[in-house]
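What the coordinates show
Residue-level listing of the chains:
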Amino acid sequence: MPELPEVENYARDLKPLLVGRRIEAVDVHWPRAVANLSVEEFRRGLLGRQIVNTDRRGKYLLFPLDNRWTLVLHLRMTGKLRLAPANAEPDSDPYTRVVLRLSGGQVLLFRDQRKFGRFYLVEDPAQVLKGLGPEPLQDSFTPLDLFHAVQGRRAAIKALLLDQHIVAGVGNIYADEALFLAGIDPRRPGASLTLADCSRLHTCLRQVLAEAIREGGSTLGGSSLGNYQRPLGIPGRYQLRHRVYGRAGQPCPSCGTPIQRVKVAQRSTHFCPRCQLSGPVASDGSPR
DNA sequence: ATAAGGCCCTGACCGC
DNA sequence: TGCGGTCAGGGCCTTA
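Everything numeric in this text was worked out from a predicted model, so none of it was measured.

**Brief notes about the pattern of salt bridges**
Per the counting criterion, the structure on display carries 18 salt bridges. A salt bridge links Arg243 to Glu211, with the nearest nitrogen and oxygen atoms 3.6 Å apart. In this pair, Arg243 sits in the loop between helix 7 (195-214) and strand 9 (260-264) while Glu211 sits in helix 7, placing the two residues 32 residues apart along the sequence. Ionic contacts of the salt-bridge type, sharing partners, join the residues Glu8, Arg12, Arg56, Arg57 and Glu135 into one network.

If you want it as structure tokens, here you go:
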């Protein structure tokens, strides 16, 4: 499940591979993978265009084009990008939804088993990105911003971290990891967090995201399902560093207490009941 | 404005 | 072996 660190790695890895290439053909095998245009408009808008950069905002990948339009992609749950030589054996993957044939003999394959991923081709990326909260790794994002964003909110802090209006790019894995490092119970209402709590959370969130980017992101599971891989097929390594995510029943790395798994805002949530001291429990997150 | 629930999707997994 | 049910989950939409 690509979150900010995985998408950031995509943008970085793809930059030297894509910048300067021209889009020579567009094959859409699953029309609904194109969110804002008809397949024909999408194809016409891309044909002959040159990719001039690769970037990221939240969990969105951005590919600015030479006519100032931007190809935007959200991978959602199971979307993956893969760059391959065009002359390799034909792509037999049944989950390939979109193929961009590029100058220089490469093809960019968008594969997505659950069909949640979406492309947008827009004149102004703000059409898609409006409403996204601050980038958590930018200096302009301060502990006070986080404090103000959760002030007065009854929802669990975990749910608020997942809300892209509050901070952009945080998903289930990194929300759990950041809350663990900060020693905050994920079920606590946002309103119960003090400025000191928010300061710690702000620091820990940035630490977790920066570490995960350095480690190439998280690649989960051995199955073919959602595991993220980088564009050349290299897996991430951050899953080896997860402290709580996916570790229900295993000892807390800090105190040895078994990690608990509960539901918060319909999301599976992992935490240490001892290190993440239960403040007041959110109305929507009582332990079962 | 906020919160909660449904929807989209498919494959893995479980129990019988 | 085979079947049906449940789960996973990001973002968007609808409903209270």
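**Some thoughts on the protein's contact with DNA strand C**
Neighbouring DNA strand C are 15 residues; His74, Arg114, Arg261, Lys263 and Arg267 lie closest to it. The contact in question runs from a phosphate oxygen of DNA strand C to an N or O atom on the side chain of Gln164, over 3.3 Å. In this structure, Ser268 approaches DNA strand C through a side-chain N or O atom, which is 3.1 Å from a phosphate oxygen. Counting residues per element, the ones that place at least two in the surface near DNA strand C are strand 9 and strand 10 (267-271). Looking at side-chain class alone, the surface near DNA strand C contains five nonpolar, four polar and six charged residues.

**Examining unusual backbone geometry**
With phi around 60 degrees, Lys115 is a residue other than glycine that occupies positive phi space. The topology assignment puts Lys115 in the loop between strand 7 (106-112) and strand 8 (118-122). Under the relative-accessibility criterion, Lys115 is labelled partly exposed at 28%. You will see that Gln266, though not glycine, has its phi angle at about 65 degrees, which is positive. Inspection of the secondary structure assignment puts Gln266 in the loop between strand 9 and strand 10. Taking relative accessible area as the criterion, Gln266 reaches 67% and is therefore assigned exposed.

**Some words on the domain arrangement of chain A**
By a frequent convention, interface size equals the accessible area lost on bringing the separate parts together. Per the domain assignment, the segments making up chain A are domain 1 (4-129) and domain 2 (143-271). Centre-to-centre, using C-alpha coordinates, domain 1 lies 28 Å away from domain 2.

Rules used throughout
Residues numbered from 1 in each chain as written. Chains lettered and ligands numbered in written order. Predicted model: local features only at pLDDT ≥ 70, side-chain atom pairs only at ≥ 80, totals over all residues. Heavy atoms only, no water. Salt bridge = Lys/Arg side-chain N within 4 Å of Asp/Glu carboxyl O. Helix = DSSP H or I, 4+ residues; strand = E, 2+ residues; numbered from the N terminus. Near = heavy atom within 4 Å. Polar contact = N/O pair within 3.5 Å; in protein donor to acceptor, adjacent residues only side chain to side chain. Nonpolar A, V, L, I, M, F, W, Y, C, P; charged D, E, K, R; others polar. Buried < 20%, exposed > 50% of the residue type's maximum accessible area, 1.4 Å probe, protein only. Domains from an automatic or database assignment.

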